[in-house]
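# Coordinate analysis (summary)
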Amino acid sequence: MTASVTILAIESSCDDTAAAVLRDGVVLSNVVANQLVHEKYGGVVPELASRAHQKNIVPVVDMALKQAQVRLEELNAVAFTCSPGLIGSLLVGTGFAKALALSLNVPLIAVNHMEAHVMAHFIAQPSPQFPFMCLTVSGGHTLIQILHADGHMENIGQTLDDAAGEAFDKCAKLLGLPYPGGPLIDKYAQNGNPNAFAFPVSSVSGFDFSFSGLKTSFLNFLKSRMADNSDFISNHLADICASIQHTIIQQLIIKFEQAATKYGVTHLGIAGGVSANSGLRAAVAQLGVRHGWNTYVPAFEYCTDNAAMIAMAAWHKYRKNEFSDLTITPSAK
Ligand code: KG4
Ligand code: ZN
């Protein structure tokens, strides 16, 4: 019988401090500390994020070990998010993971945050079959990738400017909603009409995306409506949210559908913070029904940033002996 492998993973790429323990591919604990300090600034303040990671990292790791009922000496590897992200935030997790791996004399595993979002699909069963096409939509990225059976991740398309989550957050900010506004747009959209207002959809060729124009047209739309009625936003919040959400989802789904058709992929999923969006989750499920494709949507706790996905990506690397040495440095890109 092969010995079991227990991995502690740390995620600190943006504004969530997270730690998780995984044993032989099974999540034993998954702890996330959100940083509410950014709310009033309308976006993540990098310096405040690093400071909050420094404050949170020890208690978050302690809690992850406690919930998993795992002692430090039982760990076989320490994994961490190496890129992409805010450099100051990444440095906190990297430094902590290196020190811990060194003191325990166990391997260190560096994980790419975007690959880990895709790997979140392998936490629950049944997991997708290969080739698996994933639309990863977060606050910083919008990517269509194909994960092949040999572990190779092929990039098919990406955003040329703003990420989908950024589009949600920027539109929410224009509505006067606090950061991050994506979940609030989702909430208000539940009671609105998605066809109440029409916004232009970008026409980028291929499988790339563009969301920066939407923010500008949304701003102009609000300005002109507010000129006639200063209470326009509060009177129509649900319809505005439903319409803007519908526009963003349409852009994502059209390209995703075209890409899956072109590459003949029948196992598809969504990942990243925006995959928590109820409208996007429903749209992907409908896509599956329409084409007879297998669609996968992660549990909510594995959509937004978390360390369980870092641990799952690390578990695959562990089995391939893909370890890092202590000279490794994190990278923002
Ligand atoms: O993956 P994530 O937690 O962090 C990054 O790697 O960026 O994604 C955060 C993004 C934010 O833009 C947030 O507004 C968005 O995900 N988000 C949502 C929802 N939940 C989170 N956007 C729309 N609807 C949601 N329910
Ligand atoms: Zn993320």
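Residues numbered from 1 in each chain as written. Chains lettered and ligands numbered in written order. Predicted model: local features only at pLDDT ≥ 70, side-chain atom pairs only at ≥ 80, totals over all residues. Heavy atoms only, no water.

## Details of the overall build of the protein
For clarity, the threshold we go by: Secondary structure elements follow DSSP: runs of H or I no shorter than four residues count as helices, runs of E no shorter than two count as strands, and numbering proceeds from the N terminus. Both definitions apply: the radius of gyration is a C-alpha atom measure, and the globule rule equals 2.2 Å times residues to the power 0.38. Contact definition: two residues touch when any of their heavy atoms are within 4.5 Å. Note on areas: Shrake-Rupley with a 1.4 Å probe; residue coverage comes only from the protein chains shown.
Secondary structure summary: the protein contains nine helices and ten strands in total. For the protein, whose C-alpha radius of gyration is 20 Å, the value lies close to the compact-globule estimate of 20 Å for 333 residues. Seen through its C-alpha atoms, the protein measures out along the principal axes to roughly 70 × 45 × 30 Å. By sequence separation, contacts in the protein at least 24 residues apart represent 72% of the contacts at least 6 residues apart. For the protein, the accessible area works out to roughly 14800 Å², and carbon and sulfur atoms hold 53% of it.

## So, the layout of surface pockets
Quick reminder of the rule: Cavities and pockets were defined on a 1 Å grid built from protein atoms only: a cavity is a group of points that admits a 1.4 Å probe but offers it no way out, a pocket is an open group of points flanked by protein on both sides within 12 Å along at least five of seven lines, and a lining residue is one with an atom within 4 Å of any such point. Grid points are joined across faces, edges and corners, and a volume is the space filled by probe spheres set on the points.
In this model, the largest pocket occupies a volume close to 1400 Å³. Every residue lining the largest pocket is counted, 48 residues in all, and those nearest its centre are C14, G139, G140, D169 and Y179. Residue assignment for the lining of the largest pocket shows that the elements contributing at least two residues are α3 (113-119), β8 (153-158), α4 (164-174) and α5 (182-189). If one sorts the elements of the lining of the largest pocket by residue count, α4 sits on top with six residues.

## Considering the coordination of the zinc ion (ligand 2)
Defined as follows: Sites may look incomplete, because water is not among the atoms used; the donor set itself consists of N, O and S atoms within 2.8 Å of the metal (3.2 Å for Na, K and Ca). Using a 1.4 Å probe on the protein chains alone, a residue whose accessible area is under 20% of its type maximum counts as buried, one over 50% counts as exposed, and one in between counts as partly exposed.
For the zinc ion (ligand 2), the full set of protein donor atoms is H113 (NE2), H117 (NE2) and D305 (OD), and the range of their distances to it is 2.0 to 2.1 Å. Each donor residue of the zinc ion (ligand 2) belongs to the same chain, with the gaps between them written as H-x3-H-x187-D. You can see H113 and its partner H117 sitting in helix α3, four residues apart, about one turn around the helix. Residue classification places H113 among the buried positions, given a relative accessible area of 5%.

## Some details on the domain arrangement of the protein
For clarity, the cut-off: Marked domain ranges trace back to an automatic or database domain assignment. Note: buried area is the sum, over both parts, of the accessible area (probe 1.4 Å) each one loses when the two are combined. Salt bridge, as used here: a side-chain nitrogen of Lys or Arg that lies within 4 Å of a carboxyl oxygen of Asp or Glu. Polar contacts, as counted here, are pairs of nitrogen or oxygen atoms within 3.5 Å of one another; within protein the pair requires one atom able to donate a hydrogen and one able to accept it, and residues that are adjacent in sequence qualify only if both atoms are side-chain atoms. All residues other than Ala, Val, Leu, Ile, Met, Phe, Trp, Tyr, Cys, Pro, Asp, Glu, Lys and Arg, Gly among them, are scored as polar; the first ten of these are nonpolar and the last four charged.
Each assigned domain of the protein is listed with its residue range as follows: domain 1 (6-118 + 304-319) and domain 2 (126-297). Put simply, the middle of domain 1 and the middle of domain 2, counted by C-alpha atoms, are 27 Å apart. Taken together, the contact between domain 1 and domain 2 spans twelve residues of the former and 15 residues of the latter. Buried surface at the junction of domain 1 and domain 2, summed over both partners, amounts to about 1100 Å²; 74% is from carbon and sulfur atoms. A per-residue breakdown of the area domain 1 buries against domain 2 is headed by M114, H117 and V118, which together make up 49% of the total. For the pair domain 1 and domain 2, the interface holds zero salt bridges. One can count zero residue pairs in polar contact (both at pLDDT 80 or more) joining domain 1 with domain 2. Looking at the side of domain 1 that touches domain 2, its residues break down into five nonpolar, four polar and three charged.

## Thoughts on the packing of aromatic side chains
Note the following rule: Ring pairs are drawn from Phe, Tyr and Trp, using the six-membered ring of Trp, whenever the two centres fall within 6.5 Å, and their geometry is named by plane angle: stacked under 30 degrees, edge-to-face over 60, tilted for the rest. Counted as over-ring charges are cases with an Arg CZ or a Lys NZ within 6 Å of the ring centre that also lie within 35 degrees of the ring normal.
For the structure on display, the rule yields twelve aromatic pairs. On the basis of an interplanar angle of 90° and a centroid distance of 6.0 Å, the ring pair of F122 and F132 is categorised as edge-to-face. Of the two residues, F122 sits in the loop between α3 and β6 (132-137) while F132 sits in strand β6, which places them ten residues apart along the sequence. With centroids separated by 5.4 Å and ring planes inclined at 70°, the aromatic side chains of Y318 and F323 adopt a geometry described as edge-to-face. Judged by relative accessible area, F323 falls into the partly exposed class, the value being 34%. Here the aromatic residues F197, F199, F218, F221 and F232 are joined through ring pairs into a cluster of three or more. The ring of F300 carries the charged tip of R281 above its face, separated from the ring centre by 4.0 Å.

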